[in-house]
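Read off the chains here:
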Amino acid sequence: MKKLSLLLFIHLFVSAINAQVKQGNSLFWEISGNGLSKPSYLYGTMHVSSKTAFHLTDSFFVALKNVDMVALESRPEEWIDGLFNSDLMSSAYSQGGVYTKAYSNEDNDYSLYNIGFSNYIPKRQDLGSILSIEPSLINSILFRTQQVRQDFQEDTYLDMFIYQCGKKLGKGTIGLETFYGSMIMEMMASKAQRDEEKLDEVVEEDEEYAEEKGGSYKSYDEKLNEAYRTGNIKALDSLSKKSSGKGFHKYMIVERNRTMAHSYDSIIKSGKSLFAGIGAAHLSGNEGVLQFLKDMGYKVRPMEFSNPKPGKTKTKMEEMEVPTTLSNQYLEKEGISLLGVEKFYTFPTPGNMNFYLTFDLANGSFYFVNTMPTFGAFENKSPEYILDQMDSLVYEFTAGKMVSHKRIKNNLGYPGLEVVSKTKSGNSQKYQFFVGPQKIYSFKVSGKAEYALGKDAEKFFNSISFDNKNREGFSVFKPKHEQYEVSMPNEREFAQNPDGFFNQFQGEKITGVDLKTNDFYCLT
């Protein structure tokens, strides 16, 4: 009986969607004609990890396999470069995008004496934070999941899933617009929106209208999900227009539609067949991407669902892994050589913490390095003592279930820990922590399934090497601006905060430890 009910549900669900297709409504479109030797495809996405966005059928995967290239609105690699090389990152993190209490001043006194000469000794909770901290940016780029909705989500959002499928199938990947181009359009849209009606006013009108007609009111999200679930791109276009002013819609949707349609045209005219995933709101309407392509002479045909049970095909695709190329990297500020994917990006954090991040986008994985000053010598706390404190917190601050845990040392003899855990979602994570004379160093690899225990992760951890320079004795230190020089221990750290970032003391600080006497030196 249950099986019969399920089959009936699937039949009704697919029938409803295919009824929409016959009305010219579909998320999935074939692009042909105009001299093309083989078809290309457009798929309307939602930029979320919700299962609502993942009603994918065999025809979806067949199309991906048959094309030459895969496109998104913009390339994920450009998102990362754009974020780290623009003011967006500083703006996001100055508003609390990444924050740890270890570097907050509880009295909010940012005077010369309170910040310039303070040496914050990490407390127990601060040591716990370095074991568990993970920048929110990782979730934004790789997953876009919400912990409270974990059982109702996929491992990533649909756009990233399409990109990863392309990589796993050996396809070239491209963007239909540039990251900076889309940012300019978003800024222009936001500027226009400030003078136009707000979303809550539109929703309020809808609610009043529903009450007048004796109907039940549906929220914007309910309408959006219902339209997407049934492939009703006309309703999505209508909702997009109603939820924003004309100026916002012009720059956020229409102008970007023109750009993406022209890019799509250029790619397929070059002889390359293309599968492009773009936001579903960009497809329909008189100024939608589909209409622009029709105006260029292409035939656009809605695709019907060919198989209501795509699970096995999707699972096989998810289980595929793309060979990763690791290259030699050097973290100059830390004096650490190691392997990484492409390059490590660093970004502003509170106090003297340093975050370094690189992504294996195709495999949905990341490599993360984090350092935190201890000022241990200032209170006569040895690296071994600090590591013991961290060790006592491993169980409490390790994500998921701890699988293994052991003491290790690095190439300079710094004491350390190696921890392997498995999260509730079944993904393994691997960490190595080392405590030096002045800092804690954290290294982490995380990815789907057993990625963190695979060959690439092993190569990464085995490659970590700290500079074996002469760390004993003293030498003259002169900053690049050459405005002063000072004799300091060779075991030293130099920190700059020229802009007073995070409302901290604006200036420079040099700390050093004499390894023979364990005396602590500080110049600020």
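Owing to the predicted nature of the structure, the values given are computational and were not obtained by experimental measurement.

Draft legend 1. Spotlight on the overall build of the protein chain. Helix and strand content of the protein chain: 18 helices and 21 strands. Across the 524 residues that make up the protein chain, the buried fraction comes to 50%. Counted over contacts in the protein chain with a minimum sequence separation of 6, partners at least 24 positions apart contribute 66%. Counting only carbon and sulfur atoms, one obtains 50% of the accessible surface of the protein chain, whose full area is about 26100 Å².

Draft legend 2. Main features of the sheet that holds strand β7 (residues 326-331). Pairing in this open sheet of three strands is antiparallel, and the strands run β7-β8-β16 from one edge to the other. At either margin of the open sheet sits one strand with a lone partner, and together these are β7 and β16 (465-466). Alignment of strand β8 (residues 336-341) against β16, held across two bridges, turns out to be antiparallel. Its bridge partner lying in β16, S337 is registered against S465. On the sheet, helix α18 (residues 455-463) packs against β7, β8 and β16 and is oriented at approximately 165° with respect to β8.

Draft legend 3. Molecular detail of helix α9 (residues 179-193). With 15 residues, α9 extends 21 Å from end C-alpha to end C-alpha; this agrees with the ideal 21 Å at 1.5 Å per step. All of the buried residues along α9 are F179, S182, M183, M185, A189 and A192.

Draft legend 4. Looking closely at the pairing of strand β13 (residues 415-422). For β13, the buried fraction is high: seven of the eight residues fall into the buried class. When strand β12 (residues 401-409) meets β13, the two strands line up antiparallel, connected through eight bridges. Its bridge partner lying in β13, M402 is registered against S421. The turn linking β12 back onto β13 is made up of five residues, and G413 within it adopts a positive phi angle of 85°. Sheet analysis places β13 next to strand β14 (residues 428-435), joined by seven bridges and oriented antiparallel. Across the sheet, E418 pairs through a bridge with Q432, a residue of β14.

Draft legend 5. Here's a closer look at the pairing of β7. Across six bridges, the pairing between β7 and β8 is antiparallel. Across the sheet, N328 pairs through a bridge with L339, a residue of β8. The turn linking β7 back onto β8 is made up of four residues, and G335 within it adopts a positive phi angle of 70°.

Draft legend 6. Seen up close, the nonpolar core. Counting 88 residues, the largest nonpolar core has L42 and F275 as the members making the most contacts within it. Of all the elements, helix α8 (residues 158-168) adds the most residues to this core, at six residues. Sequence-distant contacts of L42, that is, excluding residues within four places in its chain, are made with L27, F28, W29, I31, Y264, A276, I278, L283, V289, L290 and L293. Ranked by size, the runner-up nonpolar core spans 23 residues in total, among them V341, F344, F434 and F443.

Draft legend 7. Geometry of helix α12 (residues 233-242). When we look at burial in α12, the residues that qualify are I233, L236, D237, L239 and S240. What you see down the axis of α12 is that its buried residues fit within an arc of 165°, all on one side. Next to the buried residues of α12 lie β1 (28-32), α11 (220-229), α13 (246-269) and α14 (289-295).

Parameters at a glance
- Residues numbered from 1 in each chain as written.
- Predicted model: local features only at pLDDT ≥ 70, side-chain atom pairs only at ≥ 80, totals over all residues.
- Heavy atoms only, no water.
- Helix = DSSP H or I, 4+ residues; strand = E, 2+ residues; numbered from the N terminus.
- Buried < 20%, exposed > 50% of the residue type's maximum accessible area, 1.4 Å probe, protein only.
- Contact = heavy atoms within 4.5 Å.
- Areas by Shrake-Rupley, 256 points an atom, 1.4 Å probe, with all protein chains shown as cover.
- Pairing = 2+ DSSP bridges.
- Axes fitted to C-alpha atoms, helices over the stretch in contact; angles between N-to-C directions.
- Expected span 1.5 Å × (residues − 1).
- Core = buried A, V, L, I, M, F, W, Y, C linked by side-chain atoms within 4.5 Å.
- Arc of directions from axis to C-beta.

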